[in-house]
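Secondary and tertiary structure notes
These are the residues of each chain, in order.
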Amino acid sequence: MRVAPKIELTDEERAALTKLWRSGLTSVRLAQRARIILLADQGLNNKNIAAQLGIGRMQPARWRERYLQGGIKAIERDLPRGAPPVKVDVAQLVQLTTQSSPEAITHWSTRKMGTLLGVSASTVMRHWHAHGLKPHLVHSFKVSRDPQFAQKLEDIVGLYMSPPEHALVLCCDEKSQVQALDRTQPGLPLKKGRAQTMTHDYKRHGTTTLFAALNVLDGQVISQCQQRHTHVQWLKFLKQIDRETPKDKTLHLIADNYATHKHPVVQDWLAKHPRFHMHFTPTSASWLNMVERFFRDLTTERLRRGVFTSVPQLVAAIDEYVAHHNTNPKPFIWTKSARDILQKVIRANSRLSSKQNGTLH
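Residues numbered from 1 in each chain as written. Predicted model: local features only at pLDDT ≥ 70, side-chain atom pairs only at ≥ 80, totals over all residues. Heavy atoms only, no water.

Further remarks concern the pattern of salt bridges. Evaluation of the coordinates by the stated rule reveals nine salt bridges. Linking Asp-297 and Arg-293 is a salt bridge whose minimum nitrogen-to-oxygen distance equals 2.3 Å. With a gap of four residues between them, Asp-297 and Arg-293 both fall in helix H12 (residues 291-303), about one helical turn apart. The exposure class of Asp-297 is buried, given its relative accessible area of 16%. On the basis of relative accessible area, Arg-293 is assigned to the partly exposed category, the value being 33%. (Salt bridge = Lys/Arg side-chain N within 4 Å of Asp/Glu carboxyl O. Helix = DSSP H or I, 4+ residues; strand = E, 2+ residues; numbered from the N terminus. Buried < 20%, exposed > 50% of the residue type's maximum accessible area, 1.4 Å probe, protein only.)

Below you can see the structure in the form of structure tokens.
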């Protein structure tokens, strides 16, 4: 016949269990377990304890054994249910994520990494989040190799942060090949519980080129849409700038190195208009031109989700957007110094050089 193991409590243990049993702050489960151990200390077997407390006989047997194994702490909490948690080698996970890729695939996903390490996808995501890893994202970049990068950088940033007196600083550029896109089917409007819909395909009805000059001082934009993108159109836009700006102001124009901006005909015209001073951005550094920020706003706020059945309709929409912008313009404030930018470019070049040397060797 199987006999339950005997429990003999010390005075301290008996006092602690009695306190748990009688305390109004103790949970019902823990008070019942303490009562089971106290009755077992009095010599009652599991059957009698179960009958006295109105519970099954297995419960006194279970808590008697656990108390003998771990004392009061063993009865305070239930044993964890299910399989024990799988521990992941975090160092290995980070190394695999940053220094390898799955077979025939460009980057890891949580499920592929979880399958490889034998853990859940949520576990992989938790550790990626803790270490700031986002394999599904990629950021584009281009470091300028212009030998005069530092000089051009200091020149343009100097115009932004310390513009000359009695002069206007204009950021000029072209947004070429702006397409008049018409959707193949009418979409549904925005409503509660449903986003606005647009067809993924479209019809092209031609293109236009937007010439724009952003006034760094107040954010005003001078614009002009033309069909082509040659030195003839650029010169026409320069004449518009000449007409729409105060004649007593010197003009400092920031533009990129596109050949149109340096055409001999354009150079001859600039020579006859000495109030125009050109400042060219370094090669592969169009981000220095603040009008690019205006182009981004125009694209996201008016063009990307617009529907245009003709080029004149597209041009009218662009002109309307510029006119609305000029009613309450807000200038973009340049805060990064040329020194900070140059230090960042130097660090990027050193990392790229070390990466290239490692690949070659």
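In this section: the UniProt feature "domain: Tc1-like transposase DDE" (unreviewed entry) in the chain. As annotated by UniProt and renumbered to match this structure, "domain: Tc1-like transposase DDE" (unreviewed entry) occupies residues 169-314. End C-alpha atoms of residues 169-314 are separated by 28 Å, and the span's content is 27% helix alongside 32% strand. (UniProt positions renumbered as here; feature names shortened; annotations may be inferred.)

One open sheet accounts for five strands, arranged S3-S2-S1-S4-S5; its pairing is mixed. Strands with a single pairing partner mark the edges of an open sheet, and in this sheet they are strand S3 (221-226) and strand S5 (276-280). Averaged over all adjacent pairs, the angle separating strand axes in this sheet is 25°, with direction ignored. For strand S4 (residues 250-255) and S5, the ladder comprises five bridges, and the chain directions are parallel. (Pairing = 2+ DSSP bridges. Axes fitted to C-alpha atoms, helices over the stretch in contact; angles between N-to-C directions.)

In this section: the pairing of S3. Among the six residues that make up S3, six are buried, leaving the element largely enclosed by the rest of the structure. Of the two faces of S3, the one lined by Val-221, Ser-223 and Cys-225 and the one lined by Ile-222, Gln-224 and Gln-226 are each fully buried. Across six bridges, strand S2 (residues 202-215) lies against S3 in antiparallel orientation. Within S3, the residue paired with Ala-213 across the bridge is Ile-222. Taking the residues between adjacent antiparallel strands as the criterion, S2 and S3 are bridged by five residues, where Gly-219 takes a positive phi near 85°.

Tyr-160, Cys-171 and Ile-318 are the most contacted members of the largest nonpolar core, which has 38 residues in total. Looking at this core, the elements with two or more residues in it are helix H9 (149-161), strand S1 (167-183), S2, S3, H12, helix H13 (311-327) and helix H14 (338-360). Of all the elements, H13 adds the most residues to this core, at seven residues. Leaving out residues up to four positions away in the same chain, Ile-318 has contacts with Val-178, Thr-208, Leu-210, Cys-225 and Leu-303. (Core = buried A, V, L, I, M, F, W, Y, C linked by side-chain atoms within 4.5 Å. Contact = heavy atoms within 4.5 Å.)

This next bit is on unusual backbone geometry. The phi torsion at His-166 lies on the positive side, around 55°, for a residue other than glycine. Within the element layout of this structure, His-166 appears in the loop between H9 and S1. Here His-166 falls in the exposed class, since its relative accessible area comes to 58%. Of note in the backbone geometry, Gln-177 takes a positive phi value of approximately 55° without being a glycine.

For the rest of this paragraph, the subject is the state of the cysteines. Formally, a disulfide is one covalent bond, and it connects the sulfur atom of one cysteine to the sulfur atom of another. Following the criterion strictly, the structure yields zero disulfides and no others. Between Cys-171, a free cysteine, and Cys-172, which holds the nearest cysteine sulfur, the sulfur-to-sulfur gap is 7.3 Å. Residue Cys-171 is classed as buried on the basis of its relative accessible area, which comes to 0%. Sulfur of Cys-225: no disulfide; nearest cysteine sulfur belongs to Cys-172 and is 15 Å away. (Disulfide = S-S within 2.5 Å.)

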